[in-house]
Structures are given as C-alpha cells and as structure tokens.
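Residue-level structure breakdown
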Amino acid sequence: MWPLARLRLAGLSEEDRSRPVTGWRRWFFHPIILLLSRGVFFCLGFLWMEVKGRRADLKEAPVLVVAPHSSFLDMLVLCPAQLATVVSRSENTSLPVIGALLEFNQSVLVSRKDPESRKKAVAQLSERLTSNGFWPQMLMFPEGTTTNGSALIKFKPGAFLSGVPVQPVLLRYPNKLDTVRWTYKGTTWFEALWHTTSQLYTNMTVEFLPVYTPSQEEKNDPNLYADNVQKLMAKALGVPATSYVMEGGVPVCKVGGLSLPLVSPAKETLSLLHKDGLGASEVKAALDRMIDRCHGGGRESKVNAEELTSVLGLADGQTAVSICGLYSKDETVDLRLVFLSVAGLSGSVGFRSLLHTAFSLFSREEPGRLSAQELSSLMGALLGIPQHHITELYTEVAGQGQPTEERLLQVLTTHPTYRRVANQHLQPEKEEEEEEEESLVSWKSVNNNGNMHNSNDSFLYKTKLE
C-alpha cells in the first residue's frame, strides 16, 4: 500500500504539495488507498463496522471531531470519513508505512517539542478550515491522546479555533473483551495489537451526530466551544465530561495553575508498601531513613531501585522498581519526592512540620525564602508530579517579596483554591469524614443548537484544615 501512497505526490514541487491534490491524482489513487486501508483493518479482525447517522459534507462541517480516542486502531474511522485529512506528530513521518500514508493524506504535522511548529500548525489549520471547500474535510481527535474511554478528558481547542461548524463523531467498541484500548498505563501498543488480532473479530461502531453550529460567544471563545461540544458528546456516550488533561503522560486536573494527578503517586506508593508487608510503624521508620538520607552530609538524595529497596526495607526489589516508575521514567528516584508526598498522606508528619521540612530541603539560594524555581520543585515534591505552571501560586505567596514558609503555610490553609488542594492531596484521608462535592468548572450553555443543558464538572474534596 505504501508505494501507491508515495506515488500520489511523486514529481510534485513543494509549492504543488502545499495545495490540495486534485485531478487524476485524486480520483485514481484515493479509492485505491481507501479500499486497501479497509482491507488492512479487515485482516486485523474488523470484519464489519456499524455506521450510524450521516456524515456531513464539507460545506456543512469542515471538520469532524472524534471521541473517545482509545487506540491507534481508531484510525479505522477514516474509512467512513473518506480518508479525511488528519493532524499528526511530525515524528510519525519517519515511521515505515505510516509516514507514506501521512504524506498521501497531506496531513498537518506538528512537533510537540517545538513551539514554532505548533504555531505553524495552528495557522495551517485555520487556513484549511476557513478555505470554503478548497481543502478537503479534516478529522481530529480533540482529546489529543488515548484514554480508556470511561470518561472524556478536556478537549484541546485546536479544532475549534476557527469558529466553523463541527460534526461530532462517536466511537464505540461493543465487545465482550476489550483488547483495543491503549492508554498511559497497562498494555503496550504491540500487546494491544496482538490481543486484538487474536480475536475472531472485533466490533466497532461509528456514530455521526448532527452538525454543531457555534454561537457567537463560542466563536469568540474556542475553549467554551470545545467544552460545550465535549459535554454534548459525553452525554451521547453516557460518560462523564471531565476537566482532566494529559501532562507528561499522566492525567491531571488543573487547579490554580497546579497539576493535580488523577491517581496520586503517594497513594500508589503507600499501597505498594503495604503489599510488601510494611505496616504503619515500618512506613514511619522508612520515612525516617529517607529524611536522614536527604539531610545526610554530602550524600545525594537521588537513588536507584536497589538503594531504594534498602532505604525502605523492602522484601521485594520489584516494589522499588514500581515506586521509581511512579516518580520518574527510569529506575531512579529523588527521595525528597517520595518522602514529602508520602509523609503527608500517611499522617506520619503534621502539615506544618511537613511544610517546614520541604522548605529546608528546597530553600537553597536564600534560606527561609524560595525562588520561583524552588517553589516549583517544592510543590512538585509535595504533589508527586512536576509543576511547571506555578506563576499564580508564586504571585499569591510572594506578595511584595519572595515566598516565605509562613506565607506559603497561610496560603495553603486559608486561600479557597489552595486550601482545597491541600485538603485533597497533602493530608491523610479520614474514612469517617463525608466527601463533599464542590464544582470546579461551571459550564454555561451558550449555543445555537437547542439540545444542551446546564452541567457541572465536579471534583471531590474533603474539608480537613481548620
């Protein structure tokens, strides 16, 4: 298939490639690649596909927005979408077969590491979506990453920046055994593919919803537009619409500029320690050894899995490897991160004492005060994941100078937003307390579609700080 895909643009200049392919190159190659693409998925076990609704034409909706995005196998949706143009990572162009298909598709390419590439991609998207039919219809996955489909994470605004009508498209895999989904945790892409092809067949349902026409307010605010379409699609799917986003491969909720993980590394660490046989007293002793190591003269706080096994007193070295994986991408970990995140949730250290210890570990440039970078590192250690956007918190804590320990304590215990963060993520859970739902994101129905209603995105908090 890939040689034919390459032939479509063969011999064309860069200028010609920057325009949509027309004429014989389109009518000859397009149906062949479409048929071959469907044949590939047929061989993978997708023997048939149920399609509901009607795909809107280019003039009705320049872009199709598809959710949930669960797997690389979602690309089968391109067949009923008539090989609509997609957005892809520029790194994928170097992959065998995939690179040729992206070239054939005249995809919009973006590098996640290059801000200039993102700006260029946004400009290309705007040009294509507002070309009044000059460019083919586009297809985008607004979640921007794969999830397990049990909820919709926050939609990125890319598909909604131009303010043109969109057609929501729902994907479902109504199978008894779910082998398709490929997320940040669990099976690898190869295992997902292997398990799927091992089935006799795999069902997939594609549902085209009515075209969504934005209101003027939504056109002026792409984030509002994206949120409202997310709510609509979540309701049709029967799943929650959340404000979680993927950051560093981990689902997080953004609150006051801070990134709050869906699953706390500290909670998972405590669970692993208990499974390894450590009780409350052993956990307390392990925390004491960690903080001694952190304060030890000349000794680095960063350890490998073998050293972590010794420091924590673990019986199984694989537990240490798993703990390292919660905090870093290799088999090493900074003990400051493990100590501070676990100490608070375990209840072994009081909140004021925990904050004092954190200050002593991260206040290096000017003792008793924190620079912006040090505050970022401190909050990252407390929450268990890196914090890259702490400007809002830094401004609140610093006031007219640099953040001090007392000022940070005051903000985390009295400020409405940060107090909730401290309650949920930096304090031990108490089973007898009742959970109280508080709305983080209120959604206002502002559209021309007449089929929406008010909704709230909720997050659970517990009131612990007096």
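Before reading further, recall that the structure is shown in the block above.
Conventions and cut-offs
Residues numbered from 1 in each chain as written. Predicted model: local features only at pLDDT ≥ 70, side-chain atom pairs only at ≥ 80, totals over all residues. Heavy atoms only, no water. Helix = DSSP H or I, 4+ residues; strand = E, 2+ residues; numbered from the N terminus. Rg over C-alpha atoms; globule rule 2.2 N^0.38 Å. Buried < 20%, exposed > 50% of the residue type's maximum accessible area, 1.4 Å probe, protein only. Pairing = 2+ DSSP bridges. Axes fitted to C-alpha atoms, helices over the stretch in contact; angles between N-to-C directions. Contact = heavy atoms within 4.5 Å. Salt bridge = Lys/Arg side-chain N within 4 Å of Asp/Glu carboxyl O. Core = buried A, V, L, I, M, F, W, Y, C linked by side-chain atoms within 4.5 Å. Polar contact = N/O pair within 3.5 Å; in protein donor to acceptor, adjacent residues only side chain to side chain. Parallel < 35°, antiparallel > 145°, perpendicular 65-115°, else oblique. Nonpolar A, V, L, I, M, F, W, Y, C, P; charged D, E, K, R; others polar.

A short note on the overall build of the protein chain
- In terms of helices and strands, the protein chain carries 18 helices and 14 strands.
- Relative to its length of 466 residues, the protein chain is compact, with a C-alpha radius of gyration of 25 Å against a globular reference of 23 Å.
- In terms of overall dimensions, the protein chain has a C-alpha envelope of 75 × 50 × 45 Å along the principal axes.
- Per-residue burial for the protein chain yields a buried fraction of 47% across its 466 residues.

Quick look at the sheet that holds strand E7 (residues 205-208)
- The strand order across the open sheet built from seven strands is E1-E7-E6-E2-E5-E3-E4, with neighbouring strands paired in mixed fashion. A strand with exactly one partner marks an edge of an open sheet, and here the two such strands are strand E1 (50-52) and strand E4 (108-110). Between one strand axis and the next, the sheet turns by 25° as a mean value, whatever way the strands run.
- Note that strand E6 (residues 166-172) and E7 share four bridges and pair antiparallel. Bridge pairing in E7 places Val169 opposite Phe208.
- Contacts between helix H5 (residues 115-129) and the sheet are confined to strand E2 (63-67), strand E3 (85-89), E4 and strand E5 (138-140), with E4 contributing the most and set at about 160° to the helix.

Let's talk about the pattern of salt bridges
- The full count for this structure, using the stated rule, is 14 salt bridges.
- Notably, a salt bridge pairs Arg172 with Glu207, separated by 2.8 Å at the nearest N-O pair. Here the residue Arg172 occupies a position in strand E6, and Glu207 occupies one in strand E7, the gap between them amounting to 35 residues.
- Notably, a salt bridge pairs Arg293 with Glu307, separated by 3.7 Å at the nearest N-O pair.

Here we look at the nonpolar core
- Ranked by internal contacts, the top residues of the largest apolar core, which has 62 residues, are Leu258, Leu308, Leu340, Leu378 and Leu382.
- In terms of residues, this core owes the most to one element, helix H13 (residues 335-346), which gives eight residues.
- Apart from residues lying up to four places away in sequence, Leu308 is in contact with Val303, Ala320, Ile323, Cys324, Val333 and Leu335.
- Core analysis: the next-biggest nonpolar cluster, separate from the first, contains 30 residues, Phe29, Leu139, Val169 and Tyr173 among them.

What about the environment of Gln106?
- If you trace the backbone, Gln106 turns up in the loop between helix H4 (98-105) and E4.
- Distance in space between the C-alpha atoms of Gln106 and Arg38 is 19 Å, their sequence separation being 68 residues.
- Setting aside anything within four residues of it in sequence, one finds Gln106 in contact with Leu9, Arg17, Arg19, Pro20, Val21, Thr85, Arg128 and Trp135.
- Here Arg19 takes part through its backbone oxygen, which lies 2.8 Å from a polar atom of the side chain of Gln106.
- Here the side chain of Gln106 touches Val21 through a polar contact of 3.1 Å, landing on its backbone nitrogen.

Details of the packing of H13 against helix H14 (residues 351-362)
- Axis separation between H13 and H14 bottoms out at 10 Å; the angle between their running directions is 170°. If you check the angle between H13 and H14, you find them roughly antiparallel. Together, Arg336, Phe339, Leu340, Ala343 and Gly344 of H13 and Leu354, Thr357, Ala358, Leu361 and Phe362 of H14 make up the contact between the two elements.
- Here the contact of H13 with H14 is composed, by residue class, of seven nonpolar, two polar and one charged.

Quick notes on the sheet that holds strand E8 (residues 244-247)
- The sheet built from three strands is open, its strands ordered E8-E9-E10 with antiparallel pairing. At either end of the open sheet lies a strand with only one pairing partner, and these are E8 and strand E10 (258-261). When the angles between neighbouring strand axes are averaged without regard to direction, this sheet yields 50°.
- Of the strand pairs in this sheet, strand E9 (residues 250-255) and E10 are connected by four bridges, and their pairing is antiparallel. Counted as the bridge partner of Cys253 is Leu260 from E10.
- Those strands touched by helix H18 (residues 416-425) are E9 and E10, and its axis lies near 25° from that of E10.

Any functional reading would require information beyond the geometric quantities listed.
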